[in-house]
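# Fold and contact review
So you can see what is in the structure, the chains are spelled out below.
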Amino acid sequence: MNTVYIPRDSSALSLGANQVAAAIAKKAAARHLPIQIARNGSRGMFWLEPLVEVATPHGRMAYGPVTPEQVSSLFDAGFLDGGDHALCLGLTDELPWMKHQERLTFARVGITDPVSLQDYIAHDGYKGLRNAIAMAPQDIVQQVTDSGLRGRGGAAFPTGIKWKTVLEATAEQKYIVCNADEGDSGTFSDRMIMEGDPFVLIEGMTIAGIAVGATQGYIYVRSEYPHSIAALNLAIKSAYEAGYLGRGILGSQLDFYLEVRRAAGAYVCGEETALLESLEGKRGLVRFKPPLPAISGLFGKPTVINNVISLATVPIILDKGSAYYRDYGMGRSRGTLPIQLAGNIKHGGLVEKAFGITLRELLYDYGGGSATGRPIKAVQVGGPLGAYLPESQFDTPLDYEEFSKLWAVLGHGGIVAFDDTVDMAHMARYAFEFCAIESCGKCTPCRIGSTRGVEVMDKIIAGTEHAQSVALVRDLSDTMLNGSLCALGGMTPYPVLSALNHFPEDFGLLKKEQAA
Amino acid sequence: MHDQQARIKSHIESHRHMAGALMPLLHAIQDDLGYIPEECYNLVAKALNLSIAEVHGVVTFYHHFRTKPPGRHVLQVCRAESCQAMGCTALETHVKSALGIDYHETTSDGTITLEPVYCLGNCACSPAIMLDDQVYGRVSPQQVEHLLASAREVS
């Protein structure tokens, strides 16, 4: 029996994957061809979705992008046995996009059936947990520290150090919280993991629980991600049934319980303390730090709060050892980063590479330039609070420290490309507008500053009180940068000032005038 | 009305013992009724030992929760940067004028409620929209009109 793979990933669904799957099932039945349809995660080549793959003796053969109308001709061409067709792309693993990636965290995404525990185990799943169960908690934490893994949510804080603080805290209850409130525009790697390999996140959280002595975990997922929530719930149910979660994991004395909690559309809840407030059933107001969540987090107890990618990277570190992971990367940025190419880009999708690849390689070698065919004028890296980078900075390698030097951030690895039709003054205005909509309201620089920022940008765009308004934007940005309680108000100046500094002409200034 | 109250009470019963019960409870109520009626604040507050002000504060803090019934379909248009890079501003203008409403409003025939959304995680396929529970990527204004027309037919 032939197996046909059609992704269940949200992006593939948004381009009609379900309709393609239905058409293939119907056509196979009509032709009396026995097939098995597997709904995998996405390979991350979204310009080719819906991407249909068939298993052949040489590997998986890819066809895409497939429309329901083309299904009949695929059968005529004998695609079930890898037959040639205009949509045939060749062997998936040999495609340039896939071939040169270093997929560690994403090793299984697009390959396995995401909600099959059996498939997960058959592809090296739960090896890390088995190792961890046999280790002392201190040794697990040491492995994570030695791997060099830093928080992939954006703050890049060493994960092992965070775990160590929680391990050393004494309390009758500790928690593991997964921040899956992936609200940054241009990012979707958390979603792809949750939909494409939910068990790897569950395994990572279980290992974290064992390492620090926490028995309860929560995954806080955006309400905008219904498919992620569904996949996680299915996977968690199987994990409980098979003894990978619950009381006495795999016959040990260790317990770990896990639950999915749904967010409700507040961007600020991606900030860790606001997220904890939300989990407790309160408004998502940012907390003062200290105390750190590692000391006093959820319900006032020591809490590890990590991003999806950080936790989903833990199993491979525990499976293959810290040195294996640490050997990838550059400088103090160790391992790999799942990079997301988005916006005005010809080939958008997911590229997992070791740190050190340049923006230019990503935008042109992987991305193929802009979707519109016009020159790429700017890219925003790291979500709505990330800086805009001009073409002159495209040779920067992806590395936390290299980006800091440019007064930019890598954040969660999302890259949004804009062509030369973009007006950067409008993007600066939007940054303030977004901050005003999403501010939790606790601190004045963010709550009031964002609205004043929109007003001043309106004046700049209209050309009234121009020089005075530009000076005011800089002054306001300084207040927000230094006086806000969290990154929402504190980093809104990144997109604003980077737009102003790199593209002064869009703000009605001459380059020379700006430099003065 | 009586039925609605009974349903709310049953959601309260099945959620009240959870740790941090308020958010899951509010989701359950909105999933069932389409919105969170203000009349239920009192019941929810009492069951969770909160003040009515605290419940009101939470309901109104989160963009996802609504206190009025929506139209039969909810259309969310993504306004975030990636979608802007692919022309969502023109799409928004088109949708608003085609429906004759602004964001947070419902068409006079009660079929469509229009909401902005800040990222659907479909950024490699911008511009994106969500109609009820289904995300659509790389949409054109014509495609959105077509989707809305079919939604109106089945409603």
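A short tour of the structure in this document, coming up. Chains are numbered independently. Their residues run from 1 in the order of the written sequence. Think of it this way: whatever chain is written first is A, whatever ligand is written first is 1, and the rest follow in order. Only residues with pLDDT of at least 70 are given local features in this predicted model, and only at 80 or more are side-chain atom pairs given and counted; all residues enter the totals for whole chains, interfaces and linings. Water and hydrogen atoms play no part in the side-chain values, which are based on all heavy atoms of the structure.

### Points about the overall build of chain B
- Along chain B, the regular secondary structure elements total seven helices and five strands.
- Mapped in sequence order, the helices and strands of chain B form the string α-α-α-α-β-α-α-β-β-β-β-α.
- Here the C-alpha coordinates of chain B stretch approximately 50 × 30 × 20 Å along the principal axes.
- When accessible area is computed with a 1.4 Å probe and restricted to protein chains, residues below 20% of their type maximum are described as buried, those above 50% as exposed, and intermediate ones as partly exposed. When each of the 155 residues of chain B is scored for burial, the buried share is 54%.
- The contact rule is simple, with two residues in contact once any of their heavy atoms fall within 4.5 Å. Taking all contacts inside chain B whose residues are at least 6 apart in sequence as the whole, residues at least 24 apart take part in 58%.
- For accessible areas, the Shrake-Rupley method is used with a probe of radius 1.4 Å. Any residue's cover is judged against the shown protein chains and nothing else. Summed over all atoms, the accessible surface of chain B reaches about 7000 Å², with 51% contributed by carbon and sulfur.
- Positive residues here are Lys and Arg, negative ones are Asp and Glu, while His and the chain termini are left out of the count. Every charge is mapped to an atom, namely NZ of Lys, CZ of Arg, CG of Asp or CD of Glu. Taken as two groups, the 11 positive and 17 negative side-chain charges of chain B have centres that lie 3 Å from each other. Secondary structure elements follow DSSP: runs of H or I of four or more residues count as helices, runs of E of two or more count as strands, with numbering from the N terminus.

### Topic: the sheet that holds strand 14 (residues 376–381) of chain A
Residues and elements named next belong to chain A.
- Within the open sheet, the five strands sit side by side as 13-12-16-14-15. Their pairing is mixed. What marks the edges here is a single partner per strand, and that holds for strand 13 (349–354) and strand 15 (388–390). When the angles between neighbouring strand axes are averaged without regard to direction, this sheet yields 30°.
- Strand pairing is assigned whenever DSSP identifies at least 2 bridges connecting the two strands. Bridge count for strand 12 (residues 336–343) against strand 16 (residues 414–419) is four bridges, and the pairing is parallel. Pairing of glutamine 340 across the sheet is with glycine 414, part of strand 16.
- Running over the sheet, helix 21 (residues 493–502) touches strand 14 and strand 15 and is turned about 20° from strand 15. Fitted lines through C-alpha atoms give the axes, limited to the stretch in contact for helices. The angle between two N-to-C directions lies from 0 to 180 degrees.

### Quick word on the sheet that holds strand 4 (residues 59–63) of chain A
Residue and element names in this part refer to chain A.
- If you walk across this open sheet you meet the five strands as 2-1-3-4-5, and the pairing is mixed. On the outer flanks of this sheet lie strand 2 (35–38) and strand 5 (88–91), each paired with one strand and no other. Adjacent strand axes in the sheet meet at a mean angle of 25°, parallel and antiparallel pairs treated alike.
- Taken together, the five bridges between strand 3 (residues 52–56) and strand 4 define a ladder with antiparallel strand orientation.

### Comments concerning the side chain of serine 42 of chain A
All names here are of chain A.
- Within the fold, serine 42 resides in the loop between strand 2 and strand 3.
- Any N or O atom pair separated by 3.5 Å or less is treated as a polar contact, with the protein-specific requirement of one donor-capable and one acceptor-capable atom, and with residues adjacent in sequence counted only for side-chain atom pairs. Within the structure, serine 42 has its side chain in polar contact with the backbone nitrogen of glycine 44 (distance 2.9 Å).
- Reaching out from serine 42, the side chain makes a polar contact with the side chain of glutamate 49 at a distance of 2.7 Å.
- Leaving out residues up to four positions away in the same chain, serine 42 has contacts with Pro7, Asp9, Glu49, Val109, Gly110 and Met192.

### Concerning the interface of chain A and chain B
- Each side of the interface is counted separately: chain A has 59 residues, and chain B has 38 residues.
- Note on chain A versus chain B: buried area summed over both sides is about 3600 Å², and carbon and sulfur give 57% of it.
- Note on terms: buried area is the combined drop in 1.4 Å-probe accessible area of two parts once they are placed together, counting the loss on both. Considering only the surface of chain A that becomes buried against chain B, Arg262, Ala264 and Tyr430 of chain A emerge as the three largest contributors, covering 17% of it.
- Just to be clear on terms, a salt bridge is a Lys or Arg side-chain nitrogen sitting within 4 Å of an Asp or Glu carboxyl oxygen. Counting across the chain A and chain B interface gives two salt bridges.
- Where arginine 262 of chain A meets aspartate 31 of chain B, a salt bridge forms, and the shortest distance between an N and an O atom there is 2.8 Å.
- For the interface between chain A and chain B, the tally reads 25 residue pairs in polar contact (both at pLDDT 80 or more).
- Looking at which element gives the most residues to the side of chain A that touches chain B, the answer is helix 17 (residues 424–438) of chain A, with six residues.

### Describing unusual backbone geometry
- Of note, the bond from proline 290 of chain A into proline 291 of chain A is cis; its omega dihedral lies within 30 degrees of zero at 5°.
- Its place among the elements puts proline 291 of chain A in the loop between helix 12 (272–279) and strand 9 (303–307).
- In this chain, serine 126 of chain B is followed by proline 127 of chain B through a cis amide linkage whose omega measures -5°.
- For histidine 32 of chain A, which is not glycine, the phi dihedral falls at a positive 55°.
- With respect to the helices and strands, the residue histidine 32 of chain A is situated in the loop between helix 2 (17–30) and strand 2.
- Look at histidine 32 of chain A and you get exposed, because its relative accessible area is 71%.
- Phi at histidine 104 of chain B takes a positive value of approximately 65°, unusual for a residue other than glycine.
- Relative to the elements of secondary structure, histidine 104 of chain B occurs in the loop between helix 6 (88–99) and strand 2 (105–106).

### Considerations on the packing of aromatic side chains
All names here are of chain A.
- Aromatic contacts are taken between Phe, Tyr and Trp rings whose centres are within 6.5 Å, Trp giving its six-membered ring; a plane angle under 30 degrees counts as stacked, one over 60 as edge-to-face, and the others as tilted. One pass over the full model with this rule turns up 19 aromatic pairs over all chains.
- For the pair tyrosine 120 and tyrosine 126, a centre-to-centre distance of 5.3 Å together with 85° between the ring planes defines the contact as edge-to-face. Judged on exposure class, the residue tyrosine 120 and its partner tyrosine 126 are both buried.
- An aromatic cluster is built from Tyr120, Tyr126, Phe199 and Tyr244, whose rings are joined through pairwise contacts.
- Each ring is checked for a lysine NZ or an arginine CZ that lies within 6 Å of its centre and within 35 degrees of its normal; such an atom marks a charge sitting over the ring. Over the ring of tyrosine 5 we find arginine 60, and its NZ or CZ is 3.5 Å from the ring centre.

Worth remembering: the numbers are spatial, not functional.
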